[in-house]
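# Chains, contacts and geometry: an overview
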Amino acid sequence: MSVPIPQPPTIPFLGNVLAIDKELPLGSFGLLAKQYGEIYQLNLLGRIVYFVNSAELVRELSDDKKFQKIVPGSLNEVRSLAGDGLFTAHADEPNWAIAHRLLMPAFGTANIRNMWDDMKDICSQLILKWSRFGPDYVISPTDDFTRLTLDTIALCSMNYRFNSFYSETLPPFCEAMTDFLKECNARANRPSIVQALMTSTTAKWEADRKLMIDVSSEIVKHRRHHPIEKKDLLNTMLYGRDPKTGQGLDDDAITKNVSGDSSSHVLSGHETTSGLLSFATYHLLKNPECLIRLRKEVDDVTQGNPITLEHLAKMPYLNAVLREAIRLNPTAAVRAVVALEDCVLAGRYSVKKGQGFAINNHEAHHDHKVWGEDADEFKPERMLDGKFEAMPPESWQPFGFGMRACIGRPFAWQEAQLVLASIIQTFDLCFNNPGYTLEIKQALTLKPKDFYIRATLRSDAAHLLSTPSSSLLAPKAAGQPAKAQVEAEADDGTPKPKMYVLYGSNTGTSESFAQRIASDASSHGFKATIGTMDQSTGRVFTDGPVVIITASFEGDPADNAAQAVQWLEQGASDAEFNGLKYAVFGCGNRDWVRTYQRIPTLVDEVLEKKGGTRLLPRGEGDAAGSSFFEDFDAWEAEMWSVLTKEYNTVSKKVEETLTVETTKSGTTRASELRQPDTRLGTVTQNRVLTKPSASGIKRHLEFALPEGVSFRAGDYLAILPVNPPELVKRAIAHFGLSPEEEVTLSSSSPSTLPLNRPINIQSLMSGYVELSQPASTKDLQVLSTLTDDAATKSTLEGLLGDYKASVLTKRISVLDILEAHKDIKVSLSTFLRLLPPMRIRQYSISSSPLADPQHATLTVSIVEGAPVPGHRDVPFLGVASNYLARLQPGERVQLMVKPSGTQFHPPSDLSTPILMFCAGSGLAPMRGFIQERAKQKESGREVGPMYLFFGCRSPEEDYLYSEDDLAEWVKNGVVDVRPAFSRASEKSEGCKYVQDRIWHDREDVMKAYNEGARFYVCGSRKVATGVQKVCIDMLKEAEKLDDEEAHRIWEKVEQERGASDIFE
Ligand SMILES: Cc1cc2nc3c(=O)[nH]c(=O)nc-3n(C[C@H](O)[C@H](O)[C@H](O)COP(=O)(O)OP(=O)(O)OC[C@H]3O[C@@H](n4cnc5c(N)ncnc54)[C@H](O)[C@@H]3O)c2cc1C
Ligand code: HEM
Ligand SMILES: Cc1cc2nc3c(=O)[nH]c(=O)nc-3n(C[C@H](O)[C@H](O)[C@H](O)COP(=O)(O)O)c2cc1C
């Protein structure tokens, strides 16, 4: 029986056109594939197109006898430029056959080998540019690879030099082409009546087309007047004869083909190759173990010599990296074919002759059935040792298929190999924003969006500069050259010993600790340089101590330490760190039982094992514990005492290295917008979820995401907040300032404060420092030196003596203390130096992109604590949650999507049962998962059962979403909700907490478990521990296991099919 092909709902005249994102059609095709599965149909302005997404169906369509290439809408628009050129020709056009036979040999392997010197010529221009600009220069790889591939194809095939590297902007030809292609895409999906009204857009499109034709004609004309003896593409087109018919391309065809086709070659070839290089660079930076393996291969094969063609043949890993990069991101992702006869596809879908198909190779390349559960991961190893060759036929087809497959493949491959190997041989690379995750931009081909890197010559001397832990904290918009931070200078004429402070940090804590050490260095007689661990990859500092502050994330390093850790583990030799003196402090959290302090421990041990000298035992702080900051302070004090002895330096009392100069008074009202960052989301909804009687407030927020930003169910939104206005007011009032007053800060040591430019006090206090962080023990000691009042000194001593209960638990901040003790004479600069920099906060996204890819929602608990008599008369307000609570629709927020761990997403197999355990706002990611399956079910797909075990107080207070979408999803049979009401257990089968409900319903839970369910836990540590315990108890009971055995099995199950998100 024929299975109907699903289709999203249509609207009159337009059909499904509005379901396609104008900027990123591929993104929409992907989401539709997730929703509808292996095949769906779209009505594109009256044309019905079947989109196929699975490797199995792509294989069926890869049959030249039954299916033939057609020129789809967007390429049809390109025909206005390229006519019946090779790339854009219809199957039955004679000029295609002639051009095909003529040009194939020009792109044969032997000819491509002859192009080696020209390829190297252009490649060396890129290498020179990156070397000369140096490590501070922010590189846009996509732009530079476009320059490179355009210049290479023009030189190799037409002996023409665009000289793109000698101009700041891309050549006008490139810009015209990008705009032209983008508009071709848009035109294909625009009704003709709308098109007719868009006169200025059409005029621009025509102008772009004319510019490209003019340039191409100029090249041809030049060759006619200056003929050369070279068997290049242009000569082949001008003078070659079709071996079959003896015909050349007639005059008209030559002009059209050459002018059009030179562009069409350029467009098919240079854009896609540039994209391949950009994606490969991105994946290598995201997967440092692959980068290191590739570097080793390049070094072993070339031994530092210039790269030759023979070298390339000996680099299988390089080949694998490129294959894997273009599998994950095929740069020409969709091709179109038409059925030549009636048929039944894969034995289940009836297809009529003439039916058009869009083959979505991006989806097929991610098909879990063929590539495995890790299909979305970058693993070049899967392309090695015969594994690539053993894949089912047509699973990998980035270069198309059959008669109309790419003829430029050997050219593109040789060029990409040469360029990637040359870059790896010459540079250390790092992301400009360590937290960057791939976003894609689409014209006719695909490239990474807003992707910026920096490159340091591998033989270069050490060069560090401070880059923040998150792009949200970046001091400037990406794309502009980074400015090195001011380094600590010797202030008394005597040379100070150097020291290096390195950090690996995602959310800013380790970074702020490192910052503190770097700022304090000069008062202990050192000249500090600060930077991320990744910036020190491959370097060994022996001219001063190295202090490393680093964290772990699910046992892995922070984004800006990944390369360094990989190098320590695998790249560094056994005696690599001889002469290095170092100290490590680890930030961690005991909630991650198995991987607590994994990275700091590893770094500390490897450095010693490979020759380094440990200056003092590794310090550790537990973010979940009560003495996190105190432990750091104690370790720092110990570290300075060891360092000053070791290096014979002298510690002085607190040194004012930060100066504040008031430059302007009371004029600037508008608070300064801190970043001209394009990553600004817009609030579209903000409503209370809890009932008025609830003790805590929870809210639902929705954001319109910045253009091009995408997410998966389970990901996080990182938010850069500002301090609550009442808190800012208090701080400003304490220093007797007016909010509009402007100051200019300058510092002799590295700082995350905005330096050397006027900024008003309001902006400074709102956005740059954490005003309500509890005072650290060190802060208390400093404050004690700044008062002469004996009573105050004694109070401060009391706080120090009972730090945890009196300061930490009550969250007594420096500001609270200053307000309560006016006799403490602290300057604004000291106050600013005592405060940690503003941190980003992460929130689980509580929606699915299948419901709306442009909007993401959050489910947020608003943190508010009681006043503390004698210390703080006002309530404590959590910074980010209260910032979010007050946002109004229309307001803009600095945010970014952060991907969650690979496990914390709905399973790719829709039939897998899902068990979700959560409490409070821990419901957030679960709501996204349920919404995703609801959408899939709505589209006619079979989905497995979902159970939601949800803990809250009572239906009258905080049973989140129970009256809107959750109720609907229950009604539609998508999810089975099992609440546990802690204050109304009589309404939840007598169960008070989630774990009680799980135990009560253990028959259902065990049934899902035995059917291969995946487990997700989200909420506080208490919830996670409770769930873990009850699951072990269930296992014990069901399988008759002893405690130890049950623990062992559960641990394995958790690793294989569990995932938890614990809110610290
Ligand atoms: C991976 C991840 C996902 C997360 N997802 C979500 C989510 O979906 N929804 C959500 O609401 N949160 C989520 N969080 C928590 C969120 O990131 C913030 O930590 C939380 O909103 C508090 O931030 P804040 O800036 O408002 O408070 P902060 O100013 O950072 O203060 C928080 C601190 O205040 C203290 N505190 C808490 N309550 C009180 C009180 N009553 N009195 C005194 N002190 C108190 C705690 O020690 C806490 O450390 C998530 C956290 C992580 C790590
Ligand atoms: C990584 C780089 C490249 C990729 C991913 C790529 C991909 C493709 C794909 C998928 C097709 C088939 C399109 C279809 O079926 O509609 C194709 C065709 C083509 N490509 Fe490429 N290409 C690349 C580089 C090049 C280069 C460098 C050139 C020229 C120098 C080139 C010239 C062509 C031509 C002329 C065709 C049309 C062939 C025909 O229809 O006979 N390509 N390419
Ligand atoms: C998602 C996530 C995973 C974590 N995984 C670990 C871990 O495996 N081991 C550990 O010791 N700490 C873990 N932590 C705790 C962090 O290391 C700790 O919060 C640290 O202070 C963060 O430092 P940073 O702010 O410099 O990034 C994790 C925290 C989060 C949010």
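Per chain, the residues get numbers from 1 upward, laid out in the order the sequence is written. Here the convention is simple: chains get letters from A, ligands get numbers from 1, in the order in which they are written. Predicted model: local features are reported for residues with pLDDT of at least 70 only, side-chain atom pairs are reported and counted for 80 or more only, and whole-chain, interface and lining totals are derived from all residues. Processing note: side-chain calculations cover all non-hydrogen atoms of the structure and skip hydrogens and water entirely.

## Notes on the overall build of the protein
Across its full length, the protein holds 36 helices and 34 strands. Contact between two residues is taken to exist if any of their heavy atoms lie within 4.5 Å; hydrogens are not considered. Residue pairs in contact within the protein that sit at least 24 positions apart in sequence constitute 77% of those at least 6 positions apart. Here a strand is any run of E in DSSP of at least two residues, a helix any run of H or I of at least four, and the numbering for each starts at the N terminus.

## Quick notes on the packing of aromatic side chains
Ring pairs shown here join Phe, Tyr and Trp side chains whose ring centres sit within 6.5 Å, with only the six-membered ring taken for Trp; geometry is labelled stacked below 30 degrees between planes, edge-to-face above 60, and tilted in between. Applying the stated rule across the entire model yields 42 aromatic pairs. Each ring, one from Y40 and one from F51, has its centre 5.3 Å from the other, and the planes form 5°; the classification is stacked. Here Y40, found in strand β1 (residues 39-44), pairs with F51, found in strand β2 (residues 47-52); they are 11 residues apart in sequence, far enough to count as distant. Type-normalised accessible area, obtained with a 1.4 Å probe on protein chains alone, sets the label of each residue: buried when under 20%, exposed when over 50%, and partly exposed for intermediate values. Residue class for Y40 comes out buried when judged on its relative accessible area of 0%. On the numbers, 5.7 Å between centres and 55° between planes, the contact of F513 with F628 is tilted. Taken together, the positions of F513 in helix α19 (residues 509-521) and F628 in helix α22 (residues 628-647) put the pair 115 residues apart, joining distant regions of the chain. Taking relative accessible area as the criterion, F513 reaches 5% and is therefore assigned buried. In textbook terms, an aromatic cluster arises when at least three aromatic residues are bridged by ring pairs, as seen for F513, F585, F628, F629, F632 and W635. Over the aromatic face of F388 sits the side chain of R323, whose NZ or CZ is 3.8 Å from the ring centroid. Look at NZ for Lys and CZ for Arg. If either is within 6 Å of the ring centre and within 35 degrees of the ring normal, a charge sits over the ring.

## Examining helix α8 (residues 172-188)
Between its terminal C-alpha atoms α8 stretches 24 Å, which fits the 24 Å expected from 17 residues at 1.5 Å a residue. Of the positions making up α8, those classed as buried are F173, C174, A176, M177, F180, L181, E183, C184, N185, R187 and A188. Expected span of a helix, by definition, is 1.5 Å for each gap between consecutive residues, and there is one gap fewer than residues.

## Details of the site of ligand 1
Residues are classed as near a molecule or strand on a simple rule: at least one heavy atom within 4 Å of it. If you check the shell around ligand 1, you find 21 residues, and the closest are Q842, Y843, S861, A880 and S881. A distance of 2.7 Å is found between an oxygen atom of ligand 1 and a side-chain nitrogen or oxygen belonging to Y843. Between S921 and ligand 1, the recorded distance is 3.3 Å, taken from a side-chain N or O atom to an oxygen atom. Areas reported here follow the Shrake-Rupley algorithm with a probe of radius 1.4 Å; residue values treat only the protein chains shown as occluding. Relative to its unbound accessible area of 990 Å², ligand 1 is 74% covered by the protein chains. Class assignment for the residues of the shell around ligand 1 results in nine nonpolar, eight polar and four charged. Whenever a nitrogen or oxygen atom comes within 3.5 Å of another N or O atom, the pair is scored as a polar contact, on the condition that within protein one atom can donate a hydrogen and the other can accept it, and that pairs from neighbouring residues in sequence are kept only if both atoms are in side chains. Classification convention: Asp, Glu, Lys, Arg as charged; Ala, Val, Leu, Ile, Met, Phe, Trp, Tyr, Cys, Pro as nonpolar; all other residues, Gly among them, as polar.

## Description of the UniProt feature "binding site: heme" (unreviewed entry) in the protein
UniProt records the feature "binding site: heme" (unreviewed entry) at C406, using the numbering of this structure. On the accessibility criterion, C406 (37% relative accessible area) is partly exposed. UniProt positions are given in the numbering used here, feature names are shortened, and annotations may be inferred rather than shown by experiment.

## Notes on the coordination of the iron atom of ligand 2
The rule for donors is simple: an N, O or S atom within 2.8 Å of the metal counts, and for Na, K and Ca the reach is 3.2 Å. Water is not among the atoms, so a site may look short of donors. Its sole protein donor being C406 (SG), the iron atom of ligand 2 sits 2.3 Å from that atom. On the secondary structure map, C406 appears in the loop between α17 (368-371) and α18 (409-426).

## Digging into the sheet that holds strand β33 (residues 1014-1019)
By way of backbone hydrogen bonds, the strands of a sheet pair with one another, either parallel or antiparallel. Reading across the sheet, the five strands line up as β32-β31-β30-β33-β34 and stay open at both edges, with parallel pairing between neighbours. Each of the sheet's edge strands pairs with one partner strand only, and the pair in question is β32 (976-981) and β34 (1058-1062). Sheet twist, expressed as the average angle between the axes of neighbouring strands with direction ignored, equals 10°. Any two strands with at least two DSSP-identified bridges between them are counted as paired. Bridge count between strand β30 (residues 914-919) and β33: five bridges; the pairing is parallel. Directly across from F917, in β33, lies its bridge partner V1017. Helix axes are fitted only over the stretch in contact, all axes being lines through C-alpha atoms; the angle between N-to-C directions runs from 0 to 180 degrees. Strands β30, β31 (946-952) and β33 of the sheet are contacted by helix α31 (residues 923-938), whose axis makes an angle of about 150° with β30.

## So, the nonpolar core
Counting residues in hydrophobic clusters, the biggest one holds 72 residues, and the most contacted among them are W130, L284, L294, L420 and I423. The element that contributes the greatest number of residues to this core is α18, accounting for nine residues. If we ignore the near neighbours within four places in the chain, the residues touching L294 are L284, Y317, L318, V321, L420 and I424. What is meant by a nonpolar core is a set of buried Ala, Val, Leu, Ile, Met, Phe, Trp, Tyr and Cys residues, joined one to another through side-chain atoms within 4.5 Å. Ranked by size, the runner-up nonpolar core spans 66 residues in total, among them F628, F632, L643 and V807.

## Side note on the pairing of strand β21 (residues 698-704)
Summarising burial for β21: seven of the seven residues are buried, a large majority. Along β21, one buried face is formed by K698, H700, E702 and A704 and the opposite face, lined by R699, L701 and F703, is buried too. Two strands pair when backbone bridges link them, and strand β20 (residues 680-688) and β21 are joined in this way by six bridges, in the antiparallel orientation. Looking at β21, one finds that T682 is bridged to A704. Two elements, β21 and strand β26 (residues 855-861), share seven bridges in a ladder whose sense is antiparallel. Bridge pairing in β26 places E702 opposite T857.

## Considering the sheet that holds strand β4 (residues 334-339)
The sheet built from five strands is open, its strands ordered β1-β2-β7-β4-β3 with mixed pairing. With partners counted over all chains shown, the strands left at the sheet margins are β1 and β3 (67-69), one partner each. For this sheet, the mean angle separating the axes of adjacent strands, direction not counted, is 35°. The pairing of β3 with β4 spans three bridges and is antiparallel. When the sheet's bridge partners are listed, K69 is paired in β4 with V337. Along the sheet, helix α1 (residues 25-36) makes contact with β1, β2, β4 and β7 (356-360), crossing β1 at roughly 135°.

## Re the environment of K610
In this structure, K610 sits in the loop between α21 (598-609) and β17 (613-614). Using a relative accessible area of 8% as the deciding quantity, one classes K610 as buried. Along the primary structure K610 and L568 are separated by 42 residues, whereas in three dimensions their C-alpha atoms are 8.9 Å apart. Here K610 is in contact with L568, E569, A572, S573, D574, A575, E576, F577 and N578, once residues within four sequence places are set aside.

## Notes on the side chain of S846
Within the fold, S846 resides in the loop between β25 (841-844) and β26. In this structure S846 comes out as buried when scored by relative accessible area, which is 0%. When neighbours within four sequence positions are excluded, S846 is seen to be in contact with T857, L858, T859, A924, R927, G928 and Y961.

## Notes on helix α15 (residues 316-328)
For α15, with 13 residues, the first-to-last C-alpha span of 18 Å sits near the 18 Å given by 1.5 Å per residue. Most of α15 sits inside the fold, with 12 of its 13 residues counted as buried. What α15 keeps buried is the set Y317, L318, N319, A320, V321, L322, R323, E324, A325, I326, R327 and L328.

## Some details on the packing of α8 against helix α10 (residues 199-225)
Across the interface, α8 lies against α10 with an axial gap of 9 Å and an inter-helix angle of 135°. With respect to α10, the axis of α8 lies oblique. Considering only the axes of α8 and α10, their crossing is left-handed. Between α8 and α10, the contacting residues are P172, F173, A176, M177, D179, F180, E183, C184 and R187 on the first element and T201, T202, K204, W205, D208, R209, L211, M212, V215 and S216 on the second. In what follows, roughly perpendicular refers to angles from 65 to 115 degrees, roughly parallel to angles under 35, roughly antiparallel to angles over 145, and oblique to any angle outside these ranges. Crossing handedness is defined as follows: a turn of the near helix away from the far one that is anticlockwise and smaller than a right angle gives a left-handed crossing, while the clockwise case is right-handed.

## Points about the side chain of Q355
Among the secondary structure elements, Q355 is positioned in the loop between β6 (349-351) and β7. Apart from residues no more than four positions distant in its own chain, Q355 is found in contact with I48, V49, Y50, V337, V338 and A339.

## Concerning the pattern of salt bridges
The term salt bridge refers to a pairing of a side-chain nitrogen on Lys or Arg with a carboxyl oxygen on Asp or Glu at a separation within 4 Å. Counting across every chain of the model gives 60 salt bridges. The shortest N-O distance in the salt bridge between K34 and E932 comes to 3.6 Å. With K34 in helix α1 and E932 in helix α31, this residue pair connects regions lying 898 residues apart in the sequence. For K34, a relative accessible area of 32% gives the class partly exposed. The exposure class of E932 is buried, given its relative accessible area of 2%. The salt bridge involving K129 is made with D144; its shortest N-O contact spans 2.9 Å. You can see K129 sitting in helix α6 (residues 116-133) and its partner D144 sitting in helix α7 (residues 141-158), a full 15 residues away along the chain.

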